Structure formats: structure tokens, C-alpha cells
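Structural overview
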Amino acid sequence: MALIVQKFGGSSVADAEGVKRVAKRVVDTQAAGNEVVVVVSAMGDSTDELLDLAAQVSTTSTPREMDMLLSAGERISMALLAMAIHELGASAQSFTGSQAGMITDAIHGKARIIAVSPHRIKTSIEKGDVAIVAGFQGMSRDSNDITTLGRGGSDTTAVALAAALGADVCEIYTDVDGIYTADPRVVPTARKIAEISSEEMLEMAASGAKILHLRCVEYARRFGVPLHVRSSFSQLEGTWVLPSPDDKIKIQAGDPLEQPIISGVAHDRSEAKVTVVGVPDIPGKAAEIFGIVAGAHSNIDMIVQNVSTHGSGHTDISFTLPIVEGADALEALRAAQSRVGYEGIEYDEQIGKLSLIGAGMRSNPGVSYRFFKALSDAGVNIDMISTSEIRISVVTNAELLDTAVRAVHAAFELDGEALATVYAGTGR
Ligand code: ADP
Ligand code: ASP
Ligand code: MG
């Protein structure tokens, strides 16, 4: 008998029909002789709708109440799914994050898991129930308040439970058939990847491929949880994310012996660019600026410092950060303008980030040239560049991002023969 954790994303439980379809799939998995723990997301786009509602009643930030509000979305789907499973003649019990023993720190909106004590889940599956857990939420032992893990965090709930329960596999059910060489909503000819190393998946997720929450990939790698990303709308085998850095991709007959140079292209529209103009070009100013931004709890991604114009004694520093953190960072920087001595700030949300990812890049010198040539042939201007050992990222104008993704995908011959199926979801 295997223990399987199955996580169903919002598009899989978007309406009553979806909830019933998922219930059938869960019951079938149990009937095949497995113990099943299910993690659910809020229905459809309901988390976004709750955020829209909150914005209509308040413009100030009330993180504790926001977590109370958003955690309700997952509670709706967990209870409905339990009812639908009962309807099929099986037994199920739903649990909130705190009932399931998901203990987090007290940072609302981006809480981190510090312990998982799933006693009630164990008892529930031991007596033959399907245990259903509300994704993306937990409780802080310090404040006794409900917390959420951040957008997309139900994936991380599922992996954390799988690790704590010693599950054989964590299945992430979504609205596409697996992990593709690019987002199939932008590149319909993207190819499904059968197996991907966790190292590459980490870079993809960190570069904005929202198919998996970044922290879920980190967690799975750390605890050796095998992840299988697949569709809840088909029975097809999806993509396996190999947990351990030492795991080798299984070579099948006919596969090339060396690993492909590139695993995929990721894009991200969720960042904004801040340029601090006219910063005194003396030691310590960059540290001062990034200290201020860190104090506002912003996560900085790419950074560029311009060469100071000869003799001016001033330079510009640009960086990107999540749009949702932009307002707080700007406020903190503006408050410190006279202390830092910069001349002004520019802020741009109309940017997009494109990243090319592949472990084979390490030993292939021509990759950068091919990448920049593809962008130039497509008429895409580049604003910022950053690289890691297995990734190249650029910031472009938001309007040209899709064109850029398709151009780079084609230049690396990643296109497949068939069109990828996107079963549901609005891509919001
Ligand atoms: P869920 O609600 O199931 O958590 P998400 O919307 O968070 O689903 O993630 C699934 C979506 O991720 C897909 O519909 C697709 O548009 C997007 N996506 C981005 N990059 C990729 C990729 N490389 N492969 C597959 N899907 C991707
Ligand atoms: N419902 C939450 C969100 O939309 C969590 C999740 O779906 O993973 O971000
Ligand atoms: Mg998701």
C-alpha cells in the first residue's frame, strides 16, 4: 500500500463539476489500495477575487486580517470536496492548516513553515478516511494567529505534508499535462518534459514559471520527496521532478546520451524596476540603499549599477523587485532621500523578465550568443541582464515579452510537434 499526497490547484476545483471530478479521482486512487491525503487550493480565481474585495473596503495594509480572509478560500474547497467524496460512498474529513499541524512563523502573507505535526491526518488515514487539508495556510505558535504561505503556496503545503508523513509520492494536479519547455499559454508548441532535475526546476520556479511554487521545489529537494506534476483533466503521465541532486535523469532507449543543453524558458510579469538616479559614487551608498529596501521586507532580484559619467561623481542604481512590494520599498527610499543624497527615483511596472534555463549551459560556450542573437532578430531591446551557472535572464519591455519568449524558445529548437493542451484556468 502506498501513501500518496495529491494536491489539486484552483482550476481543478473551479466549480461543483470540478469538485466532483476531483472527488472521483481521489476515491479511485484510494480504491486502488492507497492511503490518500489531499491538499486543495481555493476554487478558481477566488483568492484573487478575495483580494479585489479587500481592496474595495480598505487601502491600508492589515496583514493579519488579510490572512484570515484568504485562508477562507481553501476552507471552502476542502469542505466541498469532503462532501463530494461522501457522496461517492467513501469517507473523508477536512482539516484547516492549523488542524493539520502546519506550524509557521508569524510573518503574515509569506509565513515560513517551522514544524509539521500531522497527528490528526495520520489518525484519519489510519481509520480509512481520505484526509483533506486546506492548502497555503498554517498557524503561528507565537501569535496563535492564522498565517498564509504566499501566493501559490498550496504546492508547498502538499510537499511539507508528504515529507512529514513519509509519503511515497506527492502528485501536483493542475490544468496542463506537466512541466513544459515554456508556459504553454504563451508558447503553444512547448514540449512536455518527462523528467527534470530539481536544480533546473528551482531555477525555472525562481524565474517565474508558476507551475510550481519555488519553496515547494526547495522543500522536495531537501527532504527527497518525489514530485509528479500532472493534469487533473487527463490520465496522462506528467513530469517527474527528481528530488535529489544526485539523482540521475533516467536515460531511455533513443535518448541522446548527453543531457540537453537547455531545459526551458521561463517568464515573469510580476516584477517592477526601480532606478535610484544620481547616487553619490562613494563607497557604502549601495549598501545603504539595499539596507533600506531590505528594511521594507522587499526581495530584490536583478541589480544594475551604471558606470558613473566621468567626473560627475554620481551614478544610477537600478533593481527589480515584486510589484506587490514596490509601494513599501518606494516609501522607505523616499523617506531616506536626503540621508542617502540621491537625486530622484524612477519606477516602472511595465517590464517583463525572460530566463533561459539549462544545466548543460555550463559546458556550452555558444549559448549566450544564440540567446542574444534571437532577441536581437526579434527586435527585442534588453534593459538588464543577470546570469547564474545554469541560467541567463534579461529584463525587457512588458509588451515584447511574449514575442521574446517565443523567439528564444524557437532559437533553441525547443518546439514540439503537437500543440500543448491547456485544460482550464484563466492564467490569472
Ligand atoms: P494551479 O492553480 O493548479 O496551482 P497554476 O496556475 O499555479 O495552477 O500553475 C499552472 C500554470 O502554470 C499553467 O496553466 C501554465 O500557464 C503555467 N506555467 C508557467 N510555466 C509553465 C511551464 N514551464 N510548464 C507548464 N505550465 C507552466
Ligand atoms: N489560493 C492560493 C493562491 O491563489 C494558494 C494556491 O493556490 O496555491 O495563491
Ligand atoms: Mg499554483
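Going by the structure above, here's the rest.
Residues numbered from 1 in each chain as written. Chains lettered and ligands numbered in written order. Predicted model: local features only at pLDDT ≥ 70, side-chain atom pairs only at ≥ 80, totals over all residues. Heavy atoms only, no water.

Here we look at the overall build of the chain
The condition that has to hold: Going along the chain from the N terminus, every DSSP run of H or I of four or more residues is numbered as a helix, and every run of E of two or more is numbered as a strand. In this description the radius of gyration comes from C-alpha coordinates, and the expected globular size is given by 2.2 Å times residues to the power 0.38. Relative accessibility decides the category of a residue: with a 1.4 Å probe and only protein chains considered, values under 20% of the type maximum give buried, values over 50% give exposed, and everything between is partly exposed. Note on contacts: a residue pair qualifies if any of its non-hydrogen atoms lie within 4.5 Å across the two residues. Only the protein chains shown count as cover for residues, and the accessible areas themselves come from Shrake-Rupley with a 1.4 Å probe. Charge assignment: positive for Lys and Arg, negative for Asp and Glu; neither His nor the chain ends contribute. To locate a charge, the coordinates of NZ of Lys, CZ of Arg, CG of Asp or CD of Glu are taken.
Counting secondary structure elements, the chain contains twelve helices and 20 strands. Relative to the compact-globule value of 22 Å for 428 residues, the chain shows a C-alpha radius of gyration of 23 Å, a close match. Taking the principal axes of its C-alpha atoms as reference, the chain extends roughly 80 × 55 × 35 Å. When the 428 residues of the chain are sorted by exposure, 51% land in the buried category. Across the chain, every contact between residues at least 6 apart in sequence was considered, and the portion connecting residues at least 24 apart equals 76%. Accessible surface for the chain amounts to roughly 19,500 Å². Of this, 53% is attributable to carbon and sulfur atoms. The centroid of the 36 positive side-chain charges in the chain is displaced by 3 Å from the centroid of its 54 negative side-chain charges.

Points about the site of ligand 2
Applied cut-off: Here a residue is near a molecule or strand as soon as one of its heavy atoms is found within 4 Å of it. Counting of polar contacts relies on pairs of N or O atoms within 3.5 Å, with two restrictions inside protein: one atom must be capable of donating a hydrogen and the other of accepting it, and residues adjacent in sequence are counted only when both atoms are side-chain atoms. When residues are sorted by character, Ala, Val, Leu, Ile, Met, Phe, Trp, Tyr, Cys and Pro go into the nonpolar class, Asp, Glu, Lys and Arg into the charged class, and all the rest, Gly among them, into the polar class.
The immediate surroundings of ligand 2 are formed by S41, A42, T47, E74, F136, R151, G152, G153 and S154. At a separation of 3.0 Å, an oxygen atom of ligand 2 approaches a polar side-chain atom of S41. Here a nitrogen atom of ligand 2 sits 2.8 Å away from a polar atom, N or O, in the side chain of T47. For ligand 2, whose free accessible area comes to 260 Å², the fraction covered by protein is 87%. Considered class by class, the residues forming the shell around ligand 2 number two nonpolar, five polar and two charged.

A word on the site of ligand 1
The immediate surroundings of ligand 1 are formed by 19 residues, with T174, D175, Y180, D183 and R185 found nearest. One nitrogen or oxygen atom from the side chain of R185 is found 2.8 Å from an oxygen atom belonging to ligand 1. Considered on its own, ligand 1 offers 570 Å² of accessible surface; in the complex 89% of this is hidden by protein. When the residues that make up the shell around ligand 1 are grouped by side-chain class, the tally is nine nonpolar, five polar and five charged.

A look at helix α9 (residues 326–335)
Using the following cut-off: An arc is given here, and it is the one of the directions from the helix axis to the C-beta atoms.
All of the buried residues along α9 are G326, A329, L330 and L333. Along the axis of α9, the buried positions cluster into a sector of 100°, meaning they face one direction only. Opposite the packed face of α9, turned more than 90 degrees from it, sit the exposed residues A327, E331 and A335.

Considering helix α6 (residues 198–206)
Across the nine residues of α6, seven count as buried, placing the element largely inside the fold. Once α6 finishes, G208 follows within two positions and takes phi at roughly 110°, a positive value.

Let's talk about the pattern of salt bridges
Pairing between side chains of opposite charge can happen when the charged atoms of each approach one another. Short version of the rule: For this analysis, a salt bridge means a side-chain nitrogen from Lys or Arg found within 4 Å of a carboxyl oxygen belonging to Asp or Glu.
Scanning the model with the defined rule gives 20 salt bridges in all. Across the salt bridge formed by D377 and K373, the nearest N and O atoms sit 2.9 Å from each other. Remark: K373 and D377 occur in helix α11 (residues 367–377); sequence separation between them is four residues, near one turn of the helix. We classify D377 as exposed; its relative accessible area is 56%. On the basis of relative accessible area, K373 is assigned to the partly exposed category, the value being 35%. Each member of the salt-bridge network shares a partner with another, and the members are R64, E65 and D145.

Any functional reading would require information beyond the geometric quantities listed.
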